[in-house]
Amino acid sequence: METMAQGTVEARHGALDEAALGIGRWRWDLRSQELTWSEEERAIFGLAPGAPVPGFAAFSAMIHPDDRARVVAAVSETLAQRRLRHSIGFRILRPDGTMRQILSHGRLVTGSDGKPVSLEGVDLDLTDTHADPAVERPQRAPCPDRGPQIAALRPGEEQDALLRVALEAGRMTVWQLDLQKRLGQVDGDVARLIGLSHVPPELPVAVFENHVDPEDLPLLRAAEAAALRGEPMQVELRLVLETGGRRWLRLMGEPRPDAMGRPQRLVGVAYDISARKQAEEKLRESEAMFRSLTEAMPQLVWSALPDGSCDFFNRRWTECTGTGTERALGDGWRAFYHPDDQPAIDRLWLQALRTGEHYEIEYRLRHRDGSYRWMLGRGAPVRDEAGGILRWMGTCTDIHDLKLAHQRQQILLGEMEHRVKNILALVQAVARQTFGRIPEASAALGAYGGRLQSLAGAYSHLNHESWERASLRHIVATSIGGCGARAEAWSLDGPEVMLPPRSAVPLSMAIHELCTNAVKYGALSAPEGRVTIRWRLGPQDRLTLVWAEADGPHVVPPSRAGFGMRMIETVLAVEAGGTVRLDFRPEGVRCEIEVPIRPEAEPRGE
């Protein structure tokens, strides 16, 4: 989108020099009584960018009380006598309580009927020069090596506010040009600008042109021709220095008529804008890089002002929606979002604007063919050095195919869970039919059924986590709760740990075996007995889990390892690369399990 990449950039460039010189522009529409201020004018008066322009009462209150009557009188005299221009020096009081010295230069604009239309001009902030614009300066004596002084250039009623600022603030160099003789009277600082050691008091235009870059000469001559027609001069050009370098110069001048009303001479200012041009060039390079980067990205890229109003979309917007980016500016983008997603979008976007937090949401965007595609929208604030938000930058990534694949995966996982449960139920039913009528096999059948239930529970939990990770706390709590243990008889202590599938299933079966034995023979078989399960993460993501029983029956070590414990050791070692240390202490069984949970460290089955 060219709106920000070109138009906004050009607007920035045009204001750089005025901002650097403390020059603000204003206009008073005498018909509508409306005041218009530039951003530089707002800055001079201490207002935030884009802040409402104060009304006349508020503006008058900002003028220092000792200067207010003089300002009102000068403006009133200009309007009553229809003077073409006036210059007023006064002080202002900003909202933060600071005082600034202002020099205001105004010009009366009349319509074709000769009636006043507007009063417009510039304000210059002279505070940094320590000059009081309300006090007249004594006239300086001529200085032979500097040529004519400013007093000679601005006699009587033709005092020009810009020339006065140049003299007192030292921010500009002043000049005067005889349009008929093509001779210029210049301030001595012109030598510094041109790069010469000395400039004569009267400088032929041809001498100055010799130092102008040949490519810019047509601009200078066109500006001079416009001045002969009575038009103001404003031109930017490059000077060729004796050292071989280039310097950018800006010339601003106004024509002065002779007795017959014909343009006779130009008076104006010149100042070095090389720094601004360099900054302008860097800004252009930055904007060009930004355009190249955003157009090369596969995502839809956008930016917004601090208030959330979007001012840029790259061409991916048009490729995706089939409409021009201008339709998405401001809050026009909202019309392309699925109605069902609008409440969540509004809530999260407003929350981000209010808090400055990052913005992220999945939503559906209307495609060029009328269908809706799933997108992942992300946004982040760009802040200045003080932490204030300059703008928002964000991307929208098409995740439609990924979203559909995930939905299909969930359907398949659900089908797999259903079938696994059916298979385990079938196996359990076969076991009951086979061994249910054998009295001596009833205990083994119960243990077998419990193991199948533990296995089914672990598979079900992994299925809900898309077979990526399972919560250790959930697995332990489910396994113990499934054994019928009293809630007050056991406690869990450890951080939240997510297990990979290869570790989750063996650990679930191990906890089930320990719990079953504790219910039958150990601490959970006694009313006062209790079990504590603690775990921690060690170096290289190795998980250590300790099962400790207390206050149960006196423990006697078995003469041989049972099937359950052999199964735990085998499954944990083969499937998860873990180890088991079982200690039959008289006061209670203690089991320590150690298993790696980093996926790449897990062994693979044959």
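In the block above lies the structure referred to throughout.
My aim in this report is to walk through the structure given alongside it, one point at a time. (Residues numbered from 1 in each chain as written. Predicted model: local features only at pLDDT ≥ 70, side-chain atom pairs only at ≥ 80, totals over all residues. Heavy atoms only, no water.)

Looking only at helices and strands, one finds 17 helices and 23 strands in the protein chain. Contacts in the protein chain between residues at least 24 apart in sequence constitute 54% of all its contacts with a sequence separation of at least 6. Element-wise, carbon and sulfur atoms account for 55% of the exposed surface of the protein chain, whose accessible area totals about 32100 Å². (Helix = DSSP H or I, 4+ residues; strand = E, 2+ residues; numbered from the N terminus. Contact = heavy atoms within 4.5 Å. Areas by Shrake-Rupley, 256 points an atom, 1.4 Å probe, with all protein chains shown as cover.)

Before going further, it helps to spend a moment on the pairing of strand β11 (residues 263-272). The element β11 is extensively covered by neighbouring structure, given that eight of its 10 residues are classed as buried. Here strand β6 (residues 173-178) runs beside β11; their pairing, made up of six bridges, is antiparallel. Across the sheet, residue Leu177 finds its bridge partner in β11, namely Leu266. Both strand β10 (residues 246-257) and β11 contribute to a ladder of nine bridges, which runs antiparallel. If you follow Arg256 over to β11, its bridge partner there is Arg265. Linking β10 back to β11 in an antiparallel pair, the connection comprises five residues, with Gly261 at a positive phi of about 85 degrees. (Buried < 20%, exposed > 50% of the residue type's maximum accessible area, 1.4 Å probe, protein only. Pairing = 2+ DSSP bridges.)

Of all hydrophobic cores here, the largest spans 38 residues; its most connected members are Leu472, Ile480, Leu499 and Trp547. Counting residues per element, the ones that place at least two in this core are α15 (472-482), α16 (501-520), β20 (530-537), β21 (542-550), α17 (563-576) and β23 (588-596). At nine residues, α16 tops the list of elements feeding residues into this core. Membership of the second largest hydrophobic core comes to 21 residues, among which are Cys320, Tyr337, Tyr363 and Met375. (Core = buried A, V, L, I, M, F, W, Y, C linked by side-chain atoms within 4.5 Å.)

When you tally the buried positions in β6, you get five out of six residues, the bulk of the element. Relative to strand β7 (residues 183-186), β6 runs antiparallel, the two being bridged by four bridges. Residue Gln176 lies in a different strand from β7, and its bridge partner there is Gln185. Two successive antiparallel strands, β6 and β7, enclose a turn made up of four residues, where Arg182 displays a positive phi of approximately 55 degrees.

Here we come to the sheet that holds strand β16 (residues 389-398). Through backbone hydrogen bonds, the strands of a sheet pair up, either in parallel or in antiparallel fashion. With antiparallel pairing, five strands are arranged side by side in an open sheet as β13-β12-β16-β15-β14. Of all strands in the sheet, those with a lone pairing partner are β13 (310-313) and β14 (359-366), marking the two edges. This sheet shows a mean twist of 25 degrees between the axes of neighbouring strands, independent of strand direction. Across nine bridges, the pairing between strand β15 (residues 372-383) and β16 is antiparallel. If you follow Gly379 over to β16, its bridge partner there is Gly394. The strands that helix α12 (residues 342-355) touches are β12 (300-304), β14 and β16; relative to β14, the one it contacts most, it runs at about 145 degrees. (Axes fitted to C-alpha atoms, helices over the stretch in contact; angles between N-to-C directions.)

Inspection of every chain in the model, using the stated rule, returns three cavities of 30 Å³ or more. There is about 120 Å³ of room inside the second largest cavity. Lining the second largest cavity are Trp302, Cys310, Phe313, Trp333, Tyr337, Trp349, Tyr359, Tyr363, Gly377 and Cys396. When residues of the lining of the second largest cavity are traced back to their parent elements, those giving at least two are β13 and β14. (1 Å grid on protein atoms, 1.4 Å probe; cavity = no way out; pocket = protein on both sides within 12 Å on 5 of 7 lines; lining within 4 Å. Points joined across faces, edges and corners; volume = space filled by probe spheres on them.)

Mapped onto the fold, Ser38 is located in the loop between β2 (34-37) and α2 (39-44). Residue contacts for Ser38: discarding those within four places in its chain leaves Gly24 and Arg25.

The next thing to look at is the sheet that holds β21. As summarised here, the arrangement of the five strands in space is β18-β20-β21-β23-β22, forming an open sheet in which the pairing is mixed. The open sheet terminates on both sides in strands that have one partner only, identified here as β18 (490-493) and β22 (579-585). Averaged over all neighbouring strand pairs, the angle between strand axes comes to 10 degrees, with direction disregarded. Relative to β21, β20 is paired through eight bridges, and the arrangement is antiparallel. Across the sheet, Trp535 pairs through a bridge with Leu545, a residue of β21. In this fold α16 packs onto β21, β22 and β23, with an angle of close to 10 degrees to the strand it touches most, β21.

Within the structure shown, the criterion is met by 10 aromatic pairs. Between Trp302 and Trp349 the ring centres are 5.7 Å apart and the planes differ by 90 degrees, which places this aromatic pair in the edge-to-face class. Of this pair, Trp302 sits in strand β12 while Trp349 is found in helix α12, placing the two residues 47 residues apart along the sequence. Given the relative accessible area of 6%, Trp302 is considered buried. Put simply, the rings of Trp302, Trp349, Tyr359 and Trp392 touch in pairs and so form one group of aromatic residues. Directly above the ring of Trp374 sits Lys403, whose terminal nitrogen or CZ lies 4.6 Å from the centroid. (Phe/Tyr/Trp six-rings, centres within 6.5 Å; stacked < 30°, edge-to-face > 60°. Lys NZ or Arg CZ within 6 Å of the ring centre and 35° of its normal.)

It is worth spelling out helix α10 (residues 274-296) at this point. A rise of 1.5 Å per residue sets the reference length of α10, with its 23 residues, at 33 Å; its end C-alpha atoms lie 33 Å apart and thus fit the reference within 8%. Taken residue by residue, α10 has Ser274, Arg276, Lys277, Glu280, Glu287, Phe290 and Thr294 as its buried positions. (Expected span 1.5 Å × (residues − 1).)

What follows is about the pattern of salt bridges. Enumeration over the complete set of coordinates arrives at 34 salt bridges. Where Arg107 meets Glu120, a salt bridge forms, and the shortest distance between an N and an O atom there is 3.2 Å. You can see Arg107 sitting in strand β4 (residues 99-110) and its partner Glu120 sitting in strand β5 (residues 116-125), a full 13 residues away along the chain. The class for Arg107 is partly exposed, based on a relative accessible area of 34%. (Salt bridge = Lys/Arg side-chain N within 4 Å of Asp/Glu carboxyl O.)

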